[in-house]
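A structural walkthrough
If you want the building blocks of each chain, they are given just below.
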Amino acid sequence: MHIHILGICGTFMGGIALIAQHAGHKVTGSDQNVYPPMSDELQKAGIEIYQGYGAEQLDSKPDLIVVGNVMKRGMPVIERMLNERFNYVSGPGFLEEHYLRQKTVLAVSGTHGKTTTTAMLTWILEAAGLNPCFLVGGVPENFGYSARATDSEYFVIEADEYDCSFFDKRSKFVHYHPNVAIINNLEYDHADIFASVADIQKQFHQMVRIIPSEGTVIYPAHDANVQGVIDMGLWSHGLAVGADDCPYRFTLLAPDGSRFSLTDTSAPQGEQVYEVSLPCTGVHNAHNAFMAMLAAKRVGVDFTTSAQALQSFKMPKRRMELVGTIGDIHVYDDFAHHPTAIATTIDGLRQHLGPQKRIVCVFEPRSNSMKMGANREYLGAAFKEADEIFVYKPDIVHWDMSILQHDCPKPLHIVEHSTEELIAQVVKAVDEHTSVIVMSNGGFENVKGRLVEALQQRAAK
């Protein structure tokens, strides 16, 4: 079958392309304004990509068109697709129909930590010899690609609450019918499609409603927004992490989150304690690993196997990815774009480095929520553990960013219009004992790479 994917270079749609190709289908697609890592991954796979959304790309008469949520009415390819009655489906709909209904699905949801937790869970199942199918909203470095189809019973999927397409406004995860679902956390996000936390909770509960009674929902007992979802009704097994009656306990063993213990009070042989070491920092990542271990346990993977797997886990690309070292200067690329994710990421690095090392943050407010100014009242304070912050203000952002300077206790600079000027200012602020975190959920005009080059040129003088 010839499958043509519209909006193919997003991490989710690119993952669908790889799954379809692995299954033996001919796959093509189209997109615009593409950027790594997905564009590189698709090119490596030999998938032909058309630039733009012209109607002529359908001259090849594909058997099925998979429509991404970036597509809109009025685009020439969409109008031809509808007028000529091509067979089409949303990305989540394609997965539901062709793959997920035949699998034991382990879905990882929540506002933060989805990609990392999904990658951790997938690697644990791989280490246990289960050869899982997976789709991760990034590139897990243990595999080098974001998705694959296998003959395994198990499918691990990042379960996003964003909508599916212009013709299907449900959250993606409603199509996944998970047997085991992690809800990591829940905060207000995606201001372009949700008016409130209550709107998001309704979508999460749509997923919870269709989990089998023999299935499991793993969630944090202390998160009031998640608890609100559970209170709407739960017909499956619930594992409330952190509750007094939870048989599993989490104890941090290192302030930077690189070590923790899991205590199992339900073991037949009596209380068992498992120590886990991670090759990454941040208390949030320790919690991500803990949740992944609990999900793996539900499909028969023992905690010893999980702990051993996590020792060799590699963070997905763009999750505190070290992209350059110049002497004692380290430049990291990170996907964080919500105040909570920003704060926990910086805190993890601060705990790891200690107070003596300088941290400089470079941030692009690129997500739809950030462009609209959602959560801006929390954004300035999110940078408090950094020493100096540079926020880029592109022309598309119209809200008053001076609130960030007022709310942030550290020097925060707003740089408008030019990434060249942004890089020049950052280079001046970086001394020989600095770690720089470049934060964006987009390409950011390759600021990270250009910054590394500029620092290398300075060092060579």
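What you see is a predicted model, and the numbers here were worked out from it, not measured in a lab. Numbering of residues begins from 1 in every chain and follows the order in which that chain's sequence is written. Local features are withheld for residues below a pLDDT of 70 in this predicted model, meaning they are given only at 70 or higher, and side-chain atom pairs are given and counted only at 80 or more; totals for whole chains, interfaces and linings count all residues. For side-chain calculations, the full set of non-hydrogen atoms in the structure is used, while hydrogens and water are omitted.

Concerning the overall build of the protein chain
Secondary structure follows DSSP: runs of H or I at least 4 residues long count as helices, runs of E at least 2 residues long count as strands, and numbering of each begins at the N terminus. From N to C terminus, the protein chain includes 15 helices and 23 strands. In terms of principal-axis extent, the alpha carbons of the protein chain reach across some 65 × 55 × 40 Å. Partly exposed describes any residue whose relative accessible area lies between the buried limit of under 20% and the exposed limit of over 50%, with all areas from a 1.4 Å probe on protein chains only and scaled to the type maximum. Across the 461 residues in the protein chain, those meeting the buried criterion constitute 58%. The criterion used for residue contact is that any of the two residues' heavy atoms lie within 4.5 Å. Considering only contacts in the protein chain between residues 6 or more positions apart, those separated by 24 or more positions represent 65%. As presented, the protein chain carries roughly 18,500 Å² of accessible surface, and 47% of it is formed by carbon and sulfur atoms. Residue burial considers only the protein chains on display, and all accessible areas are found by Shrake-Rupley using a 1.4 Å probe.

Considerations on the packing of aromatic side chains
Whether two aromatic rings pair depends on their centres lying within 6.5 Å, for rings of Phe, Tyr and Trp, where Trp uses its six-membered ring; planes under 30 degrees apart make the pair stacked, over 60 edge-to-face, and the rest tilted. Overall, the coordinates contain 15 aromatic pairs when judged by the stated rule. With a centroid separation of 4.6 Å and 45 degrees between ring planes, the pair formed by phenylalanine 134 and phenylalanine 143 is classed as tilted. The class for phenylalanine 134 is buried, based on a relative accessible area of 0%. Arranged with centres 6.5 Å apart and planes meeting at 85 degrees, the rings of phenylalanine 260 and phenylalanine 290 form a pair that is edge-to-face. Of the two residues, phenylalanine 260 sits in strand 16 (residues 259-264) while phenylalanine 290 sits in helix 8 (residues 283-297), which places them 30 residues apart along the sequence. Exposure class is identical for phenylalanine 260 and phenylalanine 290. Each is buried. The structure contains a cluster of three or more aromatic residues connected by ring pairs, namely Trp123, Phe134, Phe143 and Tyr145. Over a ring means this: the NZ of a Lys or the CZ of an Arg is within 6 Å of the ring centre and within 35 degrees of the ring normal. Lysine 297 extends its terminal NZ or CZ atom over the ring of phenylalanine 303, reaching a point 5.0 Å from the ring centre. Directly above the ring of phenylalanine 335 sits arginine 319, whose terminal nitrogen or CZ lies 4.3 Å from the centroid.

A few points about the UniProt feature "domain: Mur ligase C-terminal" (unreviewed entry) in the protein chain
UniProt positions are given in the numbering used here, feature names are shortened, and annotations may be inferred rather than shown by experiment. As annotated by UniProt and renumbered to match this structure, "domain: Mur ligase C-terminal" (unreviewed entry) occupies residues 318-442. For residues 318-442, the helix share is 35%, the strand share is 28%, and the end-to-end C-alpha distance is 10 Å.

Digging into the UniProt feature "domain: Mur ligase central" (unreviewed entry) in the protein chain
Under the feature "domain: Mur ligase central" (unreviewed entry), the UniProt entry names residues 108-296. The annotated region residues 108-296 carries 26% helix and 26% strand content, and the separation between its end C-alpha atoms amounts to 12 Å.

Let's talk about the pairing of strand 4 (residues 64-67)
Consecutive side chains of a regular strand alternate in pointing toward one face of the sheet and then the other. Taking every second residue as pointing to the same face, both faces of strand 4 are buried, with Leu64 and Val66 on one and Ile65 and Val67 on the other. At least two DSSP bridges between two strands are needed for those strands to be called paired. With 4 bridges connecting them, strand 1 (residues 2-6) and strand 4 associate as parallel partners. In the strand pairing of strand 4, histidine 4 is matched with isoleucine 65. Where strand 4 meets strand 5 (residues 88-90), 3 bridges bridge the pair, whose relative direction is parallel. Paired with valine 66 across the bridge in strand 5 is valine 89. With the strands pointing away from the viewer, any crossover whose connection runs clockwise from the first strand over the helix to the second is right-handed. Tracing the backbone out of strand 4, into helix 3 (residues 76-83) and back to the parallel element strand 5 gives a crossover that is right-handed.

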